[in-house]
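If you want the building blocks of each chain, they are given just below.
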Amino acid sequence: MDVIVQQAELSAEFKVEDGESVDRFITCFKQALKFCKRGCEATQFVVYLCQNILPSFTAISEDGRQEVLRLLAESSMFHLPDDTINTCLPPIFSLLLEYVPLPPPEEGEAPSFQYSTVECLLFAFHQLAQKSPGFLTDEANSERLKDFKKRLQYFARKCQAYHSSLQAAVKSSGIEVNDEQAKLRTVAIKITANISSLVRDFFHNPPSYQAKVKLSWGPEKTVVQRKRPSLATAETTPSKRKPSPIRFEDSETGAASNGKNKRADQSLYQPPRDRFSSSLGNNGPPFTGG
């Protein structure tokens, strides 16, 4: 991790107009997250992102913005010191408010929404705010929470309407493997569902932070369905596995022997010869059905 931090040049001043600087940060941060899964902390990367990159967020290229926010969301799931959380919450929250606007006046124009951006920022804020709940619930921050709920209520209403329209479009057109439009709709459904789950937590009093969501860009597990062979195939296809002979254990010696030897050693059955068996022979009394 120390080597990656050195290669990222986090001690240098961030130049937003330098595309190479942004690409280097993204590449190094991705490599650093692999070690975070083993217990390392991404503190230096998260602090650098929040203090240097987020204030100049709109000046970054569109692809770079989305990559940076995804890294922020993924890194928020790992352990961060309390002082780092308190440092990073204000810039994340400020940028989130820019993409979750207040309801416009009745005669005003409705704003456009960037749901993928909100998913990343809202998820990162949700992860960090639950470790510092006073950021919203302290008495001094009551107006902050009130304003945030008003924004979320308006945004959630638009998000649910968009989610419903996406589901209706998918049901009417179906999902084809090679249909890029259908794939985009499927991802958009995941994004809007995640946003709705996260938003509900903030309307509890106090916020509950109970929602567990899977980020929309997370890897999907592929389940391979193996076809069972038909009866005709099973009968005509010979088995490749050679059957092993059945062996019996000798009760006296404990040694294993095959069935033929064991059967040869057994004596023939001898009927009982006593006073009760005589009645079962040919000279016995006839059966009366009693």
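Each value, and the rule that gives it
- The residue numbers shown here count from 1 along each chain, following its written sequence.
- Selection of residues for local features in this predicted model requires a pLDDT of at least 70, selection of side-chain atom pairs for listing and counting requires 80 or more, and totals for whole chains, interfaces and linings are taken over all residues.
- To obtain the side-chain values, all non-hydrogen atoms of the structure were included, while hydrogens and water were left out.
- Helix axes are fitted only over the stretch in contact, all axes being lines through C-alpha atoms; the angle between N-to-C directions runs from 0 to 180 degrees.
- Think of it this way: any DSSP run of H or I at least four residues long counts as a helix, any run of E at least two long counts as a strand, and we number them from the N terminus.
- Note on terminology: angles under 35 degrees are roughly parallel, angles over 145 are roughly antiparallel, angles of 65 to 115 are roughly perpendicular, and the others are oblique.
- In this scheme, a crossing is called left-handed if the near helix is turned counterclockwise away from the far one by less than a right angle; it is called right-handed if the turn is clockwise.
- In this analysis, two residues are considered to be in contact whenever any of their non-hydrogen atoms come within 4.5 Å of each other.
- Only Asp, Glu, Lys and Arg are considered charged in this grouping, and only Ala, Val, Leu, Ile, Met, Phe, Trp, Tyr, Cys and Pro are considered nonpolar; every other residue, Gly among them, is considered polar.
- Note on terminology: a nonpolar core comprises buried Ala, Val, Leu, Ile, Met, Phe, Trp, Tyr and Cys residues joined through side-chain atoms within 4.5 Å.
- Each residue gets one of three labels from its accessible area relative to the maximum for its type: buried under 20%, exposed over 50%, partly exposed in between, using a 1.4 Å probe on protein chains only.
- Working definition: a ring pair exists when centres of Phe, Tyr or Trp rings (six-membered ring for Trp) sit within 6.5 Å. Plane angles under 30 degrees give stacked, over 60 give edge-to-face, the rest tilted.
- Placement of a charge over a ring requires the Lys NZ or Arg CZ to be within 6 Å of the ring centre, with the centre-to-atom vector within 35 degrees of the ring normal.
- Here a helix's expected span is defined as the number of its residues, less one, multiplied by 1.5 Å.
- Bend, in this description, refers to the angle at a residue between axes fitted to the seven residues ending there and the seven starting there.
- What counts as a salt bridge is simple: a side-chain nitrogen of Lys or Arg found within 4 Å of a carboxyl oxygen of Asp or Glu.

- Under the annotation held in an unreviewed UniProt entry, the protein carries the name Apoptosis inhibitor 5 and is attributed to Geodia barretti.

## Digging into the packing of helix H6 (residues 115-129) against helix H8 (residues 142-173)
Working step 1: Across the interface, H6 lies against H8 with an axial gap of 13 Å and an inter-helix angle of 135°. Judged by the inter-axis angle, H6 sits oblique to H8. Remark: the crossing between H6 and H8 carries left-handed chirality. Where H6 approaches H8, its residues Tyr-115, Val-118, Leu-122 and Phe-125 are matched on the opposing element by Phe-148, Phe-155, Lys-158, Cys-159 and Tyr-162.
Working step 2: In the contact of H6 with H8, the residues fall into eight nonpolar, no polar and one charged.

## Considering the environment of Gln-66
Working step 1: Residue position: Gln-66 is located in helix H4 (residues 62-75).
Working step 2: When the C-alpha atoms of Gln-66 and Cys-120 are compared, they prove to be 8.6 Å apart, with 54 residues separating the residues in sequence.

## Some thoughts on the nonpolar core
Working step 1: Formed by 68 residues in total, the largest nonpolar core has its most connected members in Phe-29, Phe-45, Phe-125 and Phe-148.
Working step 2: Per element, the largest residue contribution to this core is ten residues, and it comes from H6.
Working step 3: With residues up to four places along the chain from it excluded, the contact list for Phe-148 reads Phe-93, Leu-96, Leu-97, Leu-122, Phe-125, Leu-136 and Phe-202.

## Concerning helix H3 (residues 43-53)
Working step 1: Of all the residues in H3, the buried ones are Thr-43, Phe-45, Val-46, Tyr-48, Leu-49, Cys-50 and Ile-53.
Working step 2: Looking at the buried positions of H3, the neighbouring elements they touch are helix H1 (2-8), helix H2 (19-36), H4 and helix H5 (82-99).

## Concerning unusual backbone geometry
Leaving glycine out, the prevailing phi sign among residues is negative, and the prevailing peptide bond configuration is trans.
Working step 1: With an omega dihedral of 0°, the bond running from Asn-205 to Pro-206 counts as a cis peptide bond.
Working step 2: Phi is positive for Glu-9, close to 55°, though the residue is something other than glycine.
Working step 3: Counting through the fold element by element, Glu-9 comes out in the loop between H1 and H2.
Working step 4: A positive phi angle, close to 55°, is found at Tyr-209, a residue other than glycine.
Working step 5: Looking at where Tyr-209 falls in the secondary structure, it is placed in the loop between helix H9 (180-202) and helix H10 (231-236).

## Regarding the packing of aromatic side chains
Working step 1: This model, assessed by the stated rule, comprises 19 aromatic pairs.
Working step 2: What links up through ring pairs into an aromatic cluster is the set Phe-93, Phe-125, Phe-135, Phe-148, Phe-202 and Tyr-209.
Working step 3: Cation over ring: Arg-65 sits above Phe-57, and NZ or CZ is 5.9 Å from the ring centre.
Working step 4: For the cation-ring pair, Arg-144 lies above Phe-135, with the distance from its terminal atom to the ring centre recorded as 4.0 Å.

## Quick look at H5
Working step 1: Given a rise of 1.5 Å per residue, 18 residues ought to cover 26 Å, and the 26 Å separating the end C-alpha atoms of H5 matches this to within 8%.
Working step 2: At Cys-88, H5 shows its strongest bend, of approximately 30°, with the proline Pro-90 following within four residues.
Working step 3: Within H5, burial applies to Thr-84, Ile-85, Cys-88, Leu-89, Ile-92, Phe-93, Leu-95, Leu-96, Leu-97 and Tyr-99.
Working step 4: The inward-facing, buried residues of H5 contact H3, H4, H6, helix H7 (134-137) and H8.

## Focus: the pattern of salt bridges
Working step 1: Per the stated rule, a full pass over the model turns up four salt bridges.
Working step 2: Across the pair Glu-9 and Arg-24 runs a salt bridge whose closest N-O atoms are separated by 3.3 Å. Of the two residues, Glu-9 sits in the loop between H1 and H2 while Arg-24 sits in helix H2, which places them 15 residues apart along the sequence.

## Brief notes about the side chain of Ser-132
Working step 1: Position of Ser-132 among the secondary structure elements: in the loop between H6 and H7.
Working step 2: On the accessibility criterion, Ser-132 (16% relative accessible area) is buried.
Working step 3: Apart from residues no more than four positions distant in its own chain, Ser-132 is found in contact with Ile-85, Asn-86 and Leu-89.

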